[in-house]
Amino acid sequence: IGQRAYWLHNLRLAYLTPSGDIEIAGWVRNLENKIYKALAFDATAAGVVGNIPGDPRTYGISILVNW
């Protein structure tokens, strides 16, 4: 149930308007789309060894408005 050490890289780029009222950002989590175990457990007494994978690459846009 073990795994080698790994790094996850995230990226976020943002633009803030000169007035500071609006921020627009694009972001990516797990930039390299690394496959990893977020949780693993050994319940061999019950006949179960489980692995729950981590999230794949996700991305999106955020808009923040201050007033």
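Look a little higher up for the structure.
Since this is a predicted model, take the numbers as computed values, not measurements.

Rules used in this analysis
- Residues numbered from 1 in each chain as written.
- Predicted model: local features only at pLDDT ≥ 70, side-chain atom pairs only at ≥ 80, totals over all residues.
- Heavy atoms only, no water.
- Pairing = 2+ DSSP bridges.
- Helix = DSSP H or I, 4+ residues; strand = E, 2+ residues; numbered from the N terminus.
- Buried < 20%, exposed > 50% of the residue type's maximum accessible area, 1.4 Å probe, protein only.
- Contact = heavy atoms within 4.5 Å.
- Axes fitted to C-alpha atoms, helices over the stretch in contact; angles between N-to-C directions.

1. Comments concerning the pairing of strand 1 (residues 11-16)
Inspection of the sheet shows strand 1 paired to strand 2 (residues 22-29) by 6 bridges, in the antiparallel sense. Bridging from a neighbouring strand, Leu16 pairs with Glu23 of strand 2. Hairpin connection of strand 1 to strand 2: 5 residues between the antiparallel strands, including Gly20 at a positive phi of 80°.

2. Examining the side chain of Asn30
Within the secondary structure, Asn30 sits in the loop between strand 2 and strand 3 (37-43). Judged by its relative accessible area of 4%, Asn30 falls in the buried class.

3. Some points on the environment of Val48
Here Val48 lies in strand 4 (residues 48-53). Given a relative accessible area of 38%, Val48 falls into the partly exposed group. Excluding its chain neighbours within four sequence positions, the residues that come into contact with Val48 are Phe41, Asp42 and Ala43.

4. As for the sheet that holds strand 5 (residues 58-65)
Across the sheet, 3 strands lie side by side as 1-2-5; this open sheet has antiparallel pairing. Taken across any chain shown, the strands that pair with only one partner, and hence form the sheet edges, are strand 1 and strand 5. The sheet shows a mean angle of 10° between the axes of neighbouring strands, taken without regard to direction. The sheet contact formed by strand 2 and strand 5 spans 8 bridges and is antiparallel. Bridge assignment links Gly26 to a residue of strand 5, and that residue is Ile61.

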